[in-house]
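Here is how the chains run, residue by residue.
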Amino acid sequence: MIRMSIFALGATFLLPALGLAQTPVEVEAPERSEQDEARRLRTYARVGDVVIRVGDLEDRIAAQSAFVREELRDRARLAEFAEGIVRSELLAREAARREYDQLAVVRQAYRESLVQNLLRKEIDESITRESISAQDVEAHFQRHQEEFARPAMRRAAHLVVATLAEANELLAEARETDVRGFRDLVRRHSTDTETKYRGGDLRYFRRDGRSPAAPTARREDGPGGREPDPPVDAAIVAAAFALETVGDLSEPIAIGENFSIVKLTGAREEESPALADVQDGIRLQLWRQRRQSAIDAMVMRLREAAGVEVHSERLRAIRLDPVEPAEAFDDGHGHDRHPVIGEEGASAMSAAGAASTAPTKMAPSTME
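What counts and how
- Residues numbered from 1 in each chain as written.
- Predicted model: local features only at pLDDT ≥ 70, side-chain atom pairs only at ≥ 80, totals over all residues.
- Heavy atoms only, no water.
- Pairing = 2+ DSSP bridges.
- Helix = DSSP H or I, 4+ residues; strand = E, 2+ residues; numbered from the N terminus.
- Axes fitted to C-alpha atoms, helices over the stretch in contact; angles between N-to-C directions.
- Contact = heavy atoms within 4.5 Å.

Draft legend 1. Seen up close, the pairing of strand E6 (residues 258-268). Judged from the nine bridges that link them, strand E3 (residues 153-161) and E6 form a sheet pairing that is antiparallel. Across the sheet, residue Met153 finds its bridge partner in E6, namely Arg268. When strand E5 (residues 253-255) meets E6, the two strands line up antiparallel, connected through three bridges. Looking across to E6, one finds that Ile253 is bridged to Ser260. Connecting E5 to the next strand, E6, in antiparallel fashion are two residues, including Gly256 with a positive phi near 65°.

Written out as structure tokens, the structure reads:
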């Protein structure tokens, strides 16, 4: 049975109501004199067979944020805090008497708390951002410099018409107007249906005509997926990079059987950042990678020791009710929520990754 004591649950519901948010921080106990230990062992309150001592209150206070600890210097706030612990213990005892500790949702919350504490003690206390050395950061930077460099890019808008004569006529008009006027010309005259309603905007592109996001763009699975934008025509790219000042216009250029006037609307020159500019991001990336690798290794060891059996083919037997879009972001109490994978979910996903490389025993079992 799960022991629903204040020291396990931690005034989870009452303390926020008092305006004293909790931060689950474990504080290392300092060395104390015998006199100080005797003071901490004095009983503050007794709730049934549970004794809440002065030291228990001090430990609970030490686990709070600096802001809350400062608040608790006020005697009235300290009394509220201590009373909240007593009340929470009373409610926890009553919940246990009514066997609420056997509810699936409570047991799940308890397991998630165990996972979070396990990862914090076994992983996060040793693998920290500070544990990533400057040498590791620099080595990663040297191996992946191309990932940090930003190539030269241009942003342009264009106006497409069918004949050279019409292009020359509109070019003269475009030279007499500003960006807004050029957009209006595009909307009224351009034959390029893909860009005319956004004023001819081709967005930013590199010298190869691709957008900055092109290397990571991919087609999504399923019939509803979309492909990345096609590259900008090479003649337009050449014209845009030949223009020197934002706002300049090109002479009409042939695009297939049509003619295009290109207006430069933005310019970004090539950049190669120094290590100092990106080292914080590299350290964060390396920390996340090492933390996940450590979790994966732990899960692998646990799988092997526990002799885990998985019948993945039975996933096909699971039936899921359709979910309305609004329902997916409502917690049932009128509050929006977001689908977030917590620590236990991340661990489960890590376990799934480990399972793909571990042998699976295929044995009869009963699905619960």
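From this point, the narrative continues.
Draft legend 2. How the structure looks around the sheet that holds strand E4 (residues 201-205). Taking strand neighbours across the sheet as the criterion, the four strands line up as E4-E3-E6-E5 in an open arrangement whose pairing is antiparallel. Two strands in the sheet have a free side with no partner beyond their single neighbour: E4 and E5. Neighbour-to-neighbour, the strand axes of the sheet open up by a mean angle of 40°, direction not taken into account. Along the sheet, helix H10 (residues 164-174) makes contact with E3 and E6, crossing E6 at roughly 40°. Of the strands in this sheet, E3, E4, E5 and E6 are in contact with helix H12 (residues 234-242), which crosses E5 at around 155°.

Spatial relationships are all this shows, so hold off on functional conclusions.
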